[in-house]
Every structure is written in C-alpha cells, then in structure tokens.
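Listed below are the residues making up each chain.
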Amino acid sequence: MEEKNTITTKETSSSEVVTKAIENKNLVTTVYIETNDVNPLNAMDYNIRKGFNNINYYDIVELFASNIHKKTNGGTVEPTLYLNDKLTPVLENGGAATYVAPLQSAGIKVLLTVLGDWQHIGLANMNTTQQKQFANILAWAVYKYGLDGIGYDDEYADYQGALVPGSYGNIISYTRQLLGNNKYLTVFDWGNTNQISSSDAAKVNYIYHGYFDSYLTMANSGVAGTTSAQWFPYSLNLGNYYNTTTVQTNAARAVSDRYAGIMNFNLRRSSDVDPLPVLQAIATGAGWGTVTRNGGDRPRDAGSVPSGYEITNSMAKAGLAAAGKPYFNI
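Residues numbered from 1 in each chain as written. Predicted model: local features only at pLDDT ≥ 70, side-chain atom pairs only at ≥ 80, totals over all residues. Heavy atoms only, no water.

Peer 1: Describe the pairing of strand 6 (residues 109-115), with residues and values.
Peer 2: Remember that side chains alternate between the two faces of the sheet whenever the strand is regular. Counting buried positions along strand 6 yields 6 of 7 residues, so the element is predominantly enclosed. Sheet topology places strand 4 (residues 60-73) next to strand 6; 6 bridges connect them, and they run parallel. In the strand pairing of strand 6, Asn67 is matched with Leu115. Where strand 6 and strand 7 (residues 149-152) come together, 4 bridges link them in parallel fashion. By the bridge assignment, Leu111 is partnered in strand 7 with Gly149. Crossover connection from strand 6 via helix 4 (residues 128-145) to parallel strand 7: handedness right-handed. (Buried < 20%, exposed > 50% of the residue type's maximum accessible area, 1.4 Å probe, protein only. Helix = DSSP H or I, 4+ residues; strand = E, 2+ residues; numbered from the N terminus. Pairing = 2+ DSSP bridges. Right-handed = clockwise from strand over helix to strand, strands pointing away.)

Right, dumping it as structure tokens:
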C-alpha cells in the first residue's frame, strides 16, 4: 500500500455509531477483566435463561489494561502502547486465539482498555502528531489481535506540565476515522473527559462512570453531548459485596430511564467472590429472567512474558499498510 499524507476514510456521524443493545436485552452489560490475575474466559460462563433459550449475560468484555508509554525517536517523543507481562500472553503468540476468539465465538465483543502508566504521557497531553500516531497504534492493536474495539480510561498518566486542549477527544475521533463504524469505542468517565467535545462524543458507543454503587444520570457525565443511548448510569465493582435490593432497584431504574446499560468491573473467579447474587439482582430488576453460571472458576493460566510487549507507531503503520488498512502517514 502506498503511503499517503492523508487517509480517505470518511468521517463518522453520530447516527452511524451503534448505540443499542447487542443482544435481545434492554440493557447492554459490560465487564472489565483484570488480566493480571483473572482468566477472561470466565465472562462467558454467565448466561440468562429466557424461555427455552440462553443468551450471554455479558455483551462486552474489556481487557484491563494496556498502558500508554513513550519513546524518543530522533529527539522527538512518540507514544507507544505497552502490554505488561501478564497481558502480553493473553494477546501475543497465539494468546488472542485462546482468550479472545472463544468469547467472540460466543457472541461477546472484546475490547482493549488503554490507560496511563506514570510515564508523563496520556490521553490528555498529546500534540496533534502524537494523537495521530497513537490512533495508528490503537487501530493496529485492534486488527492485529482481532479485537472489537478500544476502551479509553485516563488514569495514572502522572501528567507534568500543561495538558493539550482537545487531545483526548481528538484521539477518539482519529481512532474512529481509522477503524470505521463497525468497531466499538468506549469511555470510562473519570479523568479529563471534559476534553471530549460533543462531536468527538458522537464517535463513542458507550460511556461508563466509575462511582461504584452510585446511580448517576447522564447530567453527571463529564463528556459533552452524552446521550441516553450511550450512558451507563450504574457501575459495580464485583470484587465487593452489595445490597441486592439496591442493585435490583437501580437496574429497574436504568431500564425505566432508557439508558444504555450497566457496567461491571473486576469479575473474580466464582470461588473467590461469587457475582451470581448481584448479577441475578440486575437481571431481576431489568426483567431478564434467571441467571445461570457454568463454572466461572477458570484459573488464570496464560503465564507471563517478563519483558512485556510494546507497539510503536512505525510497527503500526507497517502492519496497517500490509493489511490494506488506512493509517496516518506521520
């Protein structure tokens, strides 16, 4: 593929981005998996029995998490994407075929979360060149590992000096430009989401908040232009225990308010912290029926690659070009 200074994929309008239930449920359910110590395949062991049919409890799995690093190339700082020692074997060297593809075969979308790592670089302080380089890297990660999209989370960057206005939102829009409309982009509404404009937000499928066990309306979103079809008003950390009556009430309220879904964080092994009572409370409130669990207790068996794995812009451009995918020649 000949390198070009611009790419020819069209901009995405808000009407083209999917913001509806993935299965025949009235709420989308997302779960973050801590890949350092949990097997992602446990997420597909939870189902909802509706009549004679079973459907997935979880619609989206977010692999938590890859990290934003940086390197100096000819005196210029470039962003990179780092997979730590535990995440690397989940994706690299056939790992995606073992830990991603089975989830997708079951009908679950698999996304890779990106967040900072005390490197003084993150979603909120990249210049225009770095923004496009990072979009290249994220697009290549999606295609390289056969993923369904990217989840953005601006934490732990340890910013020093001034932020770059619009950086976060531009990265989202540039990534959408490269990936097109059939991939998913999500935002964890925590750090610097005020940099995301309404036009950037229109490129996002779903927006979650991180105030666990709190029901927040979309008026509380830090992302401009958030719609009810994007907003997850209720988030739960499954490593904790909750009052199931409260959970049921808030799930019913999310349906009544016509919001997009409910987010779960930190699904544990069922022998560690059994999520079934909480998941059933959500299902009861949403009117889904009976939640079943077929195990949910797989140990983490992916091993470790001590050096981890780092994706650079040059690697991303070469990979995207070889795959015939668009990229920013920058």
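Further notes follow.
Peer 1: Quick rundown of the packing of aromatic side chains? Include the residues and the values.
Peer 2: As enumerated under the stated definition, the model contains 17 aromatic pairs in all. A ring pair is formed by Phe188 and Trp190, whose centres lie 6.0 Å apart and whose planes are at 25°; its orientation type is stacked. Judged by its relative accessible area of 41%, Trp190 falls in the partly exposed class. Ring centres of Tyr215 and Tyr259 lie 6.5 Å apart, and the angle between their planes is 55°; on these two criteria the pair is classed as tilted. Here Tyr259 lies in the loop between helix 7 (244-256) and strand 12 (261-265) and Tyr215 lies in the loop between strand 9 (206-209) and strand 10 (231-232), a separation of 44 residues in the sequence. Since its relative accessible area comes to 13%, Tyr215 is described here as buried. For Tyr259, a relative accessible area of 10% corresponds to the buried category. Ring pairs connect the aromatic residues Tyr32, Phe64, Tyr184, Phe188, Trp190, Tyr206, Tyr208, Tyr211, Phe212, Phe232 and Phe265, which therefore count as one cluster. (Phe/Tyr/Trp six-rings, centres within 6.5 Å; stacked < 30°, edge-to-face > 60°.)

Peer 1: So what's going on with the confidence of the model for the chain? Residues and values would help.
Peer 2: Here the chain averages 94 in pLDDT, and 92% of its residues register 70 or above. Overall, residues 1-6 carries pLDDT values under 50, and its contacts beyond four positions in sequence, including any with other chains, amount to 11 contacts. pLDDT under 50 marks residues 8-15. Its contacts with residues more than four places away, or in other chains, come to 12 contacts. (pLDDT = per-residue confidence, 0-100. Contact = heavy atoms within 4.5 Å.)

Peer 1: Go over helix 7, please, and point to the residues and values.
Peer 2: With 13 residues, helix 7 should reach 18 Å at 1.5 Å per residue; the first-to-last C-alpha distance of 18 Å fits that figure. The complete set of buried residues in helix 7 reads Val247, Asn250, Ala251 and Ala254. The arc enclosing the buried residues of helix 7, seen along the axis, measures out at 105°, which places them on a common side. Seen from the open side of helix 7, the exposed residues pointing more than 90 degrees away from its buried face are Thr245 and Ser256. Where helix 7 is buried, its residues meet strand 11 (234-237), strand 12 and helix 8 (276-286). At the N-terminal boundary of helix 7, the capping side chain belongs to Asn243, with an oxygen 2.8 Å from the backbone nitrogen of Thr245. Downstream of helix 7 by one or two residues, Arg258 has phi in the positive range, about 60°. (Expected span 1.5 Å × (residues − 1). Arc of directions from axis to C-beta. Polar contact = N/O pair within 3.5 Å; in protein donor to acceptor, adjacent residues only side chain to side chain.)

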